[in-house]
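Working through the structure, step by step
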Amino acid sequence: MSTEAARVLRDTSADPEFGPWLAQASILVVDDEPGMRNFLMRTLGPRCRQLELAADTDEASRKLDQNHFDVVILDNIMPKKNGVEWLAEQRAIGFFADAILMTAYADLETAIQALRAGAVDFILKPFRSNQLLNAVARCLDRIRLQRENYVLRYELKATSDHILLRDRLIGESTAIARVRETIARVAPLPTSVLLTGQSGTGKEVAARSLHTLSDRAAKPFVPVNCGAIPADMIESELFGHLKGAFTGAERAREGLFLHAQGGTLFLDEISEMPPATQSKLLRVLEDRKVRPVGSEREVPVDLRFVFATNAELEKEVQAGRFRADLFFRINVMQIHLPPLKDRDGDAVELAVLFMKKLSAQLAMPAVPIDEAARRALSAYDWPGNVRELRNLIERTLILGRFPDGFGQAAAGREGGSLADVERRHILSVLAACNGQRDEAARQLGISRKTIDRKLAAWDG
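Notes on the structure follow.

What counts and what doesn't
- Residues numbered from 1 in each chain as written.
- Predicted model: local features only at pLDDT ≥ 70, side-chain atom pairs only at ≥ 80, totals over all residues.
- Heavy atoms only, no water.
- Phe/Tyr/Trp six-rings, centres within 6.5 Å; stacked < 30°, edge-to-face > 60°.
- Helix = DSSP H or I, 4+ residues; strand = E, 2+ residues; numbered from the N terminus.
- Buried < 20%, exposed > 50% of the residue type's maximum accessible area, 1.4 Å probe, protein only.
- Contact = heavy atoms within 4.5 Å.
- Pairing = 2+ DSSP bridges.
- Axes fitted to C-alpha atoms, helices over the stretch in contact; angles between N-to-C directions.
- Parallel < 35°, antiparallel > 145°, perpendicular 65-115°, else oblique.
- Left-handed = near helix turned anticlockwise from the far one by under 90°.
- Nonpolar A, V, L, I, M, F, W, Y, C, P; charged D, E, K, R; others polar.

Looking at the packing of aromatic side chains
Under the counting rule described, the total for this entry stands at 7 aromatic pairs. Taken together, a centroid distance of 6.0 Å and an interplanar angle of 55 degrees make the contact between Phe-39 and Phe-127 tilted. Highlighted residues: Phe-39 in helix α2 (residues 34–44) and Phe-127 in the loop between β5 (119–124) and α6 (129–158), separated in sequence by 88 residues. Look at Phe-127 and you get buried, because its relative accessible area is 10%. Look at Phe-221 and Phe-266: their rings are 6.2 Å apart centre to centre, the planes differ by 20 degrees, and that puts the pair in the stacked class.

Let's talk about the side chain of Thr-57
Position of Thr-57 relative to the elements: it lies in helix α3 (residues 57–66). Non-local contacts of Thr-57, meaning those with residues more than four positions away in its chain, are made with Val-30, Met-78, Lys-81 and Trp-86.

Focus: the sheet that holds strand β14 (residues 333–336)
Read across the sheet, 5 strands follow the order β7-β10-β13-β6-β14 without closing on themselves; strand pairing throughout is parallel. The sheet terminates laterally at β7 (221–225) and β14, the two strands that pair on one side only. Here the average twist between neighbouring strands, direction ignored, is 20 degrees. Here 4 bridges tie strand β10 (residues 264–268) to strand β13 (residues 304–309), and the two strands are oriented parallel to one another. In the sheet register, Thr-264 faces β13, and the bridge partner there is Arg-304.

Section: the packing of helix α14 (residues 346–362) against helix α15 (residues 371–379)
Between α14 and α15, the least distance of the axes is 8 Å, while the angle of their chain directions is 125 degrees. Put simply, α14 runs oblique to α15. Judged by the sense of rotation from one axis to the other, the crossing of α14 with α15 is right-handed. Of α15, the residues touching α14 (which contributes Ala-347, Val-348, Ala-351 and Val-352) are Arg-374, Leu-377 and Ser-378. Grouping the amino acids of the contact of α14 with α15 by side-chain chemistry returns 5 nonpolar, 1 polar and 1 charged.

Remarks on the side chain of Ser-192
One can find Ser-192 in the loop between α7 (174–186) and β6 (193–196). Take Ser-192: its relative accessible area is 8%, and that puts it in the buried class. When neighbours within four sequence positions are excluded, Ser-192 is seen to be in contact with Arg-288, Phe-305, Phe-307, Val-332 and Met-333.

Below is the structure:
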């Protein structure tokens, strides 16, 4: 067990009402009174991962530049500048942590000013340690729920195909066993990883495996499809922005980099990232700091980076579409995901698993995978890889049988009549396009009506 895990278990067993998040938190205390700083140090120090103390706002500003904090606890009445004024200034230049204001004067005007400045909780002096710990726990729960909700909404918006078994690489072939072995070796290390391979080969599955096997498994895994974010929005989505940073920015928001704080950030389709954002990503990789749009402050980040692409990045570099320095920076450890046709026997094993999972999900009886179907599954080239296989099984469940022509399409190497070749090719392209007939027609150079007519004839 790691030192961090042991500490989490020890602290949550000692203070079960505050949960595991306090033990993982980084907290900054700002107070000019030595007695109060000492009290807060004794109260919070043994319970949180990192505690920093500042005697005034100048020292607090320096510490914010050097570290990332989940919660800032600050006194309101201090020399030079009060807590509300300092908090408002920090929000304006790039400060996203939750702030708890301590004050001995509970007047309405101070409360309104504190809320406008961005404080999320108020503690009246004098207070007991439990009151403080409960306020911190509320902040941490709020942060966690906000980040989880944002990441889940992003995943639902960015991912159109919900592939099953996304946390495991299934198969007993030599090719996939070699991939699993490499992942197991590199997962505990902080090294960045570049996953390559055709679309549908399971690069996100491999990325999740890397995260699950690492010491960051308890922290967020944030997948980002760079090709699914409009070019004019990707910087704000990744790095976050301040209120008023651009038209429509009605409030400050953390980006996906900060939502992944302490965990793993998976940047899929990295070749689709715009050149300007590539430059900013290179800076993040070198300095481990992000600058939200409109911010004067760079925020430190602690992340494990995993990248993926189905493009040949060397050719993208030669064509001038991808920065050479970024390619060399991310190409530390490259893992290639083999196409399904090169994974002997895995297609049948995956088909059996998809049949079981999808039949339960769709509440439909499983279709037997007989010997003929197994031969067809093994013989087919699977241009759409695991995604195409999953779609085939779902289509089979809906029809109550394997689609007509699947056996012939799988026997493509055996030739056949011109009509058979045409049928196999159209079905193959349609499967690779996830059943999207308009896209398949575009790739084939024929009309949508032609595909509709042929499919109707074949199903008949």
